[in-house]
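Structure at a glance
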Amino acid sequence: MESRCPVALDITGKDIHAEAEHLRSLGPATLIELPGGVTAWAITDYETLRKVLTDTRVTKSARAHWPAFTNGEIRPDWELISWVAMDNISTSWGSDHKRLRRLVGKAFTPRRIEAVRPLIVQLTTEILDALAATPPGEVVDLRQQFAYPLPARLVADIIGMDETALAKTAPVINMMVDTTVSPEVAHGILMGWRDAMSEFIASKRANPGEDITSDLIAARDDEDGGKLTEGELTDTIFAILGAGSETTINFLSNAVTNLLTHPDQLELVRSGEKSWDDVMEEVLRAEAPLASLPLRFAADDVDLDGVLIRKGDPILVNYLAAGRDPKLHGESACEFDITRADKEHISFGYGPHYCLGAGIARLVGAIGLSTLFERFPDINLAVPAEELQPLPTFIMNGHRSLPVRLHARVPAEAH
């Protein structure tokens, strides 16, 4: 199988749904070419993906299980270098992953998740109050003015980051998910986010607070650093910031887009026939905000339904394809339909790397979306949906901007 000509992924991400469908048609595991001529196996089948995500022979550690990375074949300026060079909760394995997950997980218990509800309400109100000042008829970029600041400011608060530090890291995160960047830019991104995180952590060491960064610094500095290395500390904080903001930004943008292009389904929610939970689960299924996540690696030979993935081979899991797998959701799998009975998906992952922040993401979605449509009941797209421009990436699923007109608004005091 490895002699087959790999399918080159479109780095511009201009139609990731069509690409995912094509890859799925080639089989559950397909050899692909990533930027820089690096080959990997794309997993697009739902059941196969579930197996891969729980297979102990598949890990996320390039340091431990990707020979091309450890022997120097992968350039330090490889276009996706930031995704594999990280040393944190998302790239660790075995006992290291369990240790880091136990430390980070303390910030995402059900009690602490519920404790952030007032902050989500406050941030949503502040952001929508600012939007309410928009002159009638003026076009608003809802991605930049709502979908971005709500999760970004929330996650920044959780990790104890002020707006100045957030402003420094936001451009780096945006560039990191852009798969069209040059090798020179890719290397700069890696250096940029590590420098920004080091500066931020130094400031938190000097001025600790009641936040997850201060908690992890204490764990790092306790017992001669035996619980957390400096690299793990830096990279894990960045992972929380990036994963907690970028995916939720795309989720909110995709949810608004689909509701505005399916007014009959929006009316079902407004009438109470369907819930915001129905909306969120269908968005996560049909429009997974994280399309494809680089990378996993075979720690040993793995046979996937007759396809041999050899020890050391990289693997790209395609959540977007899995959510629309017709073997799971039938011929209507590619259609957005909040009334479907089965909305099963794995957009938060599956197995040991299941997203710790899933509970907070759902809370942000429920509060943010319900409040937005209550405050602006006549909101509509300012351009035809087919004119919305996708993000320049095959990693994320979202739009560069979301132009809308808000029209009449309901005062906040009415709720």
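Relevant structure appears above.
The residue count restarts for each chain, going from 1 along the sequence in the order it is written. The model is predicted, so local features are restricted to residues of pLDDT at least 70 and side-chain atom pairs to those at 80 or more, both for listing and for counting; the totals for chains, interfaces and linings are taken over all residues. As a convention, hydrogens and water are excluded, and side-chain values are obtained from all of the structure's heavy atoms.

1. Comments concerning the packing of aromatic side chains
Heads up, the condition is: A pair of aromatic rings is counted whenever rings of Phe, Tyr or Trp (Trp by its six-membered ring) have centres within 6.5 Å, and the orientation is called stacked for planes under 30 degrees apart, edge-to-face for over 60 and tilted otherwise. Helix numbering and strand numbering both begin at the N terminus, where a helix is a DSSP run of H or I of at least 4 residues and a strand a DSSP run of E of at least 2.
Here the structure, examined in full by the defined rule, presents 6 aromatic pairs. Pairing tryptophan 193 with phenylalanine 238 gives two aromatic rings, centres 4.3 Å apart and planes at 10°, and the pair type is stacked. One end of the pair, tryptophan 193, is in helix H12 (residues 183-206); the other, phenylalanine 238, is in helix H14 (residues 230-260), and 45 residues separate them in sequence. Taken together through their ring pairs, the aromatic side chains of Trp66, Phe69, Trp78 and Phe297 make up a single cluster.

2. Description of the nonpolar core
Where we set the bar: Definition used in this section: a nonpolar core is a set of buried Ala, Val, Leu, Ile, Met, Phe, Trp, Tyr and Cys residues joined via side-chain atoms within 4.5 Å. Partly exposed describes any residue whose relative accessible area lies between the buried limit of under 20% and the exposed limit of over 50%, with all areas from a 1.4 Å probe on protein chains only and scaled to the type maximum. Whether two residues are in contact is decided by their heavy atoms: any pair within 4.5 Å suffices.
Membership of the largest hydrophobic core comes to 137 residues, with the highest contact counts inside it found for Leu34, Trp66, Trp78 and Leu142. By residue number, the principal contributor to this core is H14, which donates 12 residues. When neighbours within four sequence positions are excluded, tryptophan 78 is seen to be in contact with Leu34, Pro35, Gly36, Val38, Trp66, Val84, Ala186 and Leu295.

3. Section: the pairing of strand S3 (residues 39-43)
Heads up, the condition is: If DSSP finds at least two bridges between two strands, the strands pair.
Taking burial as the measure, the 5 residues of S3 include 4 buried ones, the bulk of the element. Relative to S3, strand S2 (residues 29-33) runs antiparallel, the two sharing 5 bridges. Within S3, the residue paired with leucine 31 across the bridge is tryptophan 41. Counted along the chain from S2 to the antiparallel partner S3, the turn is 5 residues long, and its residue glycine 36 has a positive phi close to 80°. Looking at chain direction, S3 and strand S9 (residues 314-318) are connected through 3 bridges and run parallel. Pairing of isoleucine 43 across the sheet is with valine 317, part of S9.

4. Concerning unusual backbone geometry
Here proline 294 and leucine 295 are connected by a cis peptide whose omega angle stands at -20°. Mapped onto the fold, leucine 295 is located in strand S6 (residues 292-298). Non-glycine residue aspartate 305 carries a positive phi angle of around 50°. Here aspartate 305 lies in the loop between strand S7 (302-304) and strand S8 (307-309). A relative accessible area of 57% means that aspartate 305 is categorised as exposed.

5. Brief notes about empty space enclosed by the protein
We apply this condition: Cavities and pockets were defined on a 1 Å grid built from protein atoms only: a cavity is a group of points that admits a 1.4 Å probe but offers it no way out, a pocket is an open group of points flanked by protein on both sides within 12 Å along at least five of seven lines, and a lining residue is one with an atom within 4 Å of any such point. Grid points are joined across faces, edges and corners, and a volume is the space filled by probe spheres set on the points.
As enumerated under the stated definition, the model contains 4 cavities of 30 Å³ or more in all. When its volume is computed, the second largest cavity comes out at roughly 80 Å³. Taken together, Leu9, Ile16, Glu19, Ala20, Leu23, Ala42, Ala291, Ser292, Leu316, Asn318, Leu320 and Phe394 form the lining of the second largest cavity. Of all elements in the fold, only helix H1 (16-25) and S9 reach the threshold of two or more residues within the lining of the second largest cavity.

6. Notes on the side chain of serine 292
Cut-off, in case you're wondering: Between N or O atoms, a polar contact is any pair within 3.5 Å; within protein, one atom must be a potential hydrogen donor and the other a potential acceptor, and residues adjacent in sequence are included only when both atoms are from side chains.
Topologically, serine 292 is positioned in strand S6. Within polar-contact distance, the side chain of serine 292 engages the side chain of asparagine 318 at 3.3 Å. Once residues lying within four places of it in the same chain are set aside, the contact partners of serine 292 are Leu316, Val317, Asn318, Phe394 and Ile395.

7. Points about the packing of helix H10 (residues 149-159) against helix H19 (residues 358-375)
The condition is simple: For helices, the fitted line uses only the C-alpha atoms of the stretch in contact; every axis is such a line through C-alpha atoms, and the angle between N-to-C directions lies from 0 to 180 degrees. Small angles under 35 degrees read as roughly parallel and large ones over 145 as roughly antiparallel, with 65 to 115 read as roughly perpendicular and the rest as oblique. Two helices cross in a left-handed way if the nearer one is turned anticlockwise from the farther one by less than a right angle. They cross in a right-handed way if the turn is clockwise. Three classes are used: nonpolar for Ala, Val, Leu, Ile, Met, Phe, Trp, Tyr, Cys and Pro, charged for Asp, Glu, Lys and Arg, and polar for all others, with Gly counted as polar.
Contact geometry for H10 and H19: axes closest at 11 Å, N-to-C directions at 140°. As the angle between them shows, H10 and H19 are arranged oblique. Crossing of H10 over H19 shows right-handed handedness. Where H10 approaches H19, its residues Leu150, Leu154 and Ile158 are matched on the opposing element by Ile360, Val364 and Gly368. Broken down by class, the residue content of the contact of H10 with H19 amounts to 5 nonpolar, 1 polar and no charged.

8. Points about the layout of surface pockets
In this model, the largest pocket occupies a volume close to 440 Å³. In this structure, the largest pocket is lined by 20 residues; those nearest its centre are His17, Glu287, Ala385, Asn397 and His399. Elements that contribute at least two residues to the lining of the largest pocket include exactly H1 and H14. Considering each element in turn, the lining of the largest pocket owes the most residues, 3 residues, to H14. In terms of residue class, the lining of the largest pocket is built from 6 nonpolar, 10 polar and 4 charged.

9. Focus on the environment of arginine 57
By secondary structure assignment, the location of arginine 57 is in the loop between helix H2 (46-54) and strand S4 (58-59). Among the residues examined, arginine 57 registers a relative accessible area of 34% and is labelled partly exposed. Setting aside its immediate chain neighbours within four residues, arginine 57 contacts Phe297, Ala298, Ala299, Asp300, Asp301 and Val302. A polar side-chain atom of arginine 57 sits 3.3 Å from the main-chain carbonyl oxygen of aspartate 301.

10. Things to note about the sheet that holds S3
Strand order in the open sheet formed by 6 strands is S1-S2-S3-S9-S6-S4, with mixed pairing between adjacent strands. Either end of the sheet is taken by a strand with one partner, and the two such strands are strand S1 (7-8) and S4. As paired strands, S1 and S2 are joined by 2 bridges and run parallel to one another. Within S2, the residue paired with valine 7 across the bridge is isoleucine 32. The strands touched by H2 within the sheet are S3, S4, S6 and S9, with S9 carrying the most contacts at an inclination of about 130°.

11. Considering the pattern of salt bridges
To be explicit about the condition: We define a salt bridge as a side-chain nitrogen of Lys or Arg found within 4 Å of a carboxyl oxygen belonging to Asp or Glu.
With the rule as written, the count across this model stands at 24 salt bridges. Its salt-bridge partner being arginine 50, residue glutamate 47 comes within 3.9 Å of it at the nearest N-O pair. With glutamate 47 and arginine 50 both in helix H2, this residue pair falls 3 residues apart, about one helical turn. For arginine 99, the salt bridge goes to aspartate 96, with nearest N and O atoms at 3.0 Å. With arginine 99 and aspartate 96 both in helix H6 (residues 94-105), this residue pair falls 3 residues apart, about one helical turn. Take arginine 99: its relative accessible area is 17%, and that puts it in the buried class.

By themselves, these figures tell us nothing about what the structure is for.
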